[in-house]
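What the coordinates show
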Amino acid sequence: MAEKLVVANWKMNLNPHQASLLVHRLDQKVTAGRSVEVVLCPPFVDLYPVARDRNPKKFKLGAQNIHHLDEGPFTGEVSPAMLQGLVDFVIVGHSERRRHAHEDDKLIARKVAAAVRHGLVPILCVGDNLFEREHGAARKVVADQVTAGLSLLTAAEIKDTVIAYEPVWAISQGDGRGSYAKPHEVEPMVTHIRQTVEELYGEGAGGEPRVLYGGSVNPDNVTAYLEIAGVDGLLVGGASLNYEQFAAIVAAAQAAVHSK
Ligand code: 13P
C-alpha cells in the first residue's frame, strides 16, 4: 500500500470534454511514484472518458456517491454493481450530500457496506459544522458519524476503508474569505477518530483505516497537513480542478514520504 493517498473530488464540475482535457494536463504534470496513490473522483458522466484517457499507472478512479442497493426502480441513481470494474474507490457521506441530499447516518452506513460488498474502497466523510464546533459538540458529532458510518462492517473490513475528516467550516475557503483548519485543530480530531475505531473494533483497529484530511487544501498549506500525526493523505476539492495546483499537491505528498 502506498504511504500517502491523495484524492481529487471534482464535485459538480467539468463536462466530459473538459474532464478529458484536465486528465491530459494532469498526466503531463504529475509524476508517477509508488509512494503516493492518486485517485480522481469525477462526476458520473465523466467517469468513462476519464477511465479511457487516464494513465492507470498514475491515476486510480473513484465515484462521488453510490446508491445502497444493487439495482431497481430508482430513477437517476447509480448502483455499486454498476461501478464495479470501473472505479476502485467511492466517496460516501460527503457533507454536501448530508446537507443538500439529506443523507443520514443510517443511509450512509448502508452505502459504506454496499461499497465494501462490491470490492470498492469507501471514503467515509465525517466532519463537524461551525454551529457544532462553537457549541463544543464537534468531538461527539464526529465520533457518532464514524460509529454509525462503519456500523455495518466487520472488523476485517475496517482496514480497507478510508475515513476523511472534513470540517464543514473549513471546506471551500480557498478564496480567502473564511478560515482554514489549523493543523493543531485537525490533529486531535484525527486521533479521536482513530480512538473511536479502536473502541469499536478492538486493540490495533484504530491504526487500520487510512485517515485523510480535507478542507481547502492547496499547494501552500499541503505540507503542514501531511505532517499531522495519523494523517495518511488528503481529500482535495477546488485545488484538484487546477492541474498545476493538484500536481504540486501530489509532489508535496511524494516529498513528505521521501523526507521521512
Ligand atoms: P475544498 O478543497 O474545495 O475545500 O473541498 C474539500 C472537499 O469537500 C473535498 O471533498
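Quick look at the structure, then. (Residues numbered from 1 in each chain as written. Predicted model: local features only at pLDDT ≥ 70, side-chain atom pairs only at ≥ 80, totals over all residues. Heavy atoms only, no water.)

1. Looking at the environment of V190
Inspection of the secondary structure assignment puts V190 in helix α8 (residues 183-201). Spatially, the C-alpha atoms of V190 and E203 are 17 Å apart, while their sequence positions differ by 13 residues. For V190, the residues in contact, after removing those within four places along its chain, are V211, A229, G230 and V231. (Helix = DSSP H or I, 4+ residues; strand = E, 2+ residues; numbered from the N terminus. Contact = heavy atoms within 4.5 Å.)

2. Quick notes on the nonpolar core
Ranked by size, the top nonpolar core spans 67 residues in total, and within it W10, L40 and F246 carry the most contacts. Of all the elements, helix α10 (residues 243-258) adds the most residues to this core, at 8 residues. What F246 contacts, discounting residues up to four positions off in sequence, is V6, A8, L26, V38, L40, V236, A239 and S240. Within the second largest apolar cluster, 13 residues are counted, among which are V39, F89, I123 and A164. (Core = buried A, V, L, I, M, F, W, Y, C linked by side-chain atoms within 4.5 Å. Buried < 20%, exposed > 50% of the residue type's maximum accessible area, 1.4 Å probe, protein only.)

3. Some details on empty space enclosed by the protein
Applying the stated rule across the entire model yields 1 cavity of 30 Å³ or more. Taken as a whole, the largest cavity holds about 40 Å³ of empty space. Taken together, G93, H94, S95, R98, C125, V126, G127, Q145 and E166 make up the lining of the largest cavity. Looking at the lining of the largest cavity, the elements with two or more residues in it are α4 (95-100) and β5 (121-126). Its residues assigned to classes, the lining of the largest cavity comprises 2 nonpolar, 5 polar and 2 charged. (1 Å grid on protein atoms, 1.4 Å probe; cavity = no way out; pocket = protein on both sides within 12 Å on 5 of 7 lines; lining within 4 Å. Points joined across faces, edges and corners; volume = space filled by probe spheres on them. Nonpolar A, V, L, I, M, F, W, Y, C, P; charged D, E, K, R; others polar.)

4. Details of the packing of helix α5 (residues 105-117) against helix α7 (residues 138-149)
Where α5 contacts α7, the two axes come as close as 8 Å, and the packing angle between them is 45°. Relative to α7, the element α5 is oriented oblique. Contacts between α5 and α7 involve D105, A109 and V112 from the former and D144, Q145, A148 and G149 from the latter. For the contact of α5 with α7, the per-class residue count stands at 3 nonpolar, 2 polar and 2 charged. (Axes fitted to C-alpha atoms, helices over the stretch in contact; angles between N-to-C directions. Parallel < 35°, antiparallel > 145°, perpendicular 65-115°, else oblique.)

5. Comments concerning the environment of V112
Looking at the secondary structure, you find V112 in helix α5. A C-alpha to C-alpha distance of 9.8 Å links V112 and H67, two positions 45 residues apart in sequence. The contacts of V112, once residues within four sequence positions are left out, are V92, P122, L124, G149 and L153.

6. Describing the environment of R110
Among the secondary structure elements, R110 is positioned in helix α5. Once residues lying within four places of it in the same chain are set aside, the contact partners of R110 are H68, L69 and L152.

7. Quick notes on the sheet that holds strand β1 (residues 4-9)
Read around the closed barrel, 8 strands run β1-β2-β3-β4-β5-β6-β7-β8, paired in parallel fashion. Along the sheet, successive strands turn relative to each other by an average axial angle of 25°, direction set aside. Where strand β2 (residues 36-41) and strand β3 (residues 59-63) come together, 3 bridges link them in parallel fashion. For V39, the partnering residue across the bridge sits in β3 and is K60. (Pairing = 2+ DSSP bridges.)

8. With respect to the pairing of β5
Of all 6 residues making up β5, 6 are buried, and the element is well covered by its neighbours. Residues V121, I123 and C125 point to one face of β5 and P122, L124 and V126 to the other, with burial holding for every one of them. Pairing of strand β4 (residues 89-92) with β5 involves 4 bridges; the strand directions are parallel. Bridge assignment links V92 to a residue of β5, and that residue is L124. Two elements, β5 and strand β6 (residues 162-165), share 4 bridges in a ladder whose sense is parallel. Looking at β6, one finds that I123 is bridged to V162.

9. Some thoughts on the site of the ligand
With respect to spatial proximity, the complete set of residues near the ligand consists of N9, K11, H94, E166, I171, S172, G215, S216, L235, G237 and G238. One of the side-chain N or O atoms of H94 is found 2.8 Å from an oxygen atom in the ligand. The backbone of G238 places a nitrogen or oxygen atom 2.8 Å from an oxygen atom of the ligand. Here the ligand, which alone exposes 310 Å², has 96% of that area covered by the protein. Most atoms of the ligand, that is more than half of them, are within 2 Å of grid points of the second largest pocket. (Near = heavy atom within 4 Å. Polar contact = N/O pair within 3.5 Å; in protein donor to acceptor, adjacent residues only side chain to side chain. Areas by Shrake-Rupley, 256 points an atom, 1.4 Å probe, with all protein chains shown as cover. Sits in = over half its atoms within 2 Å of the grid points.)

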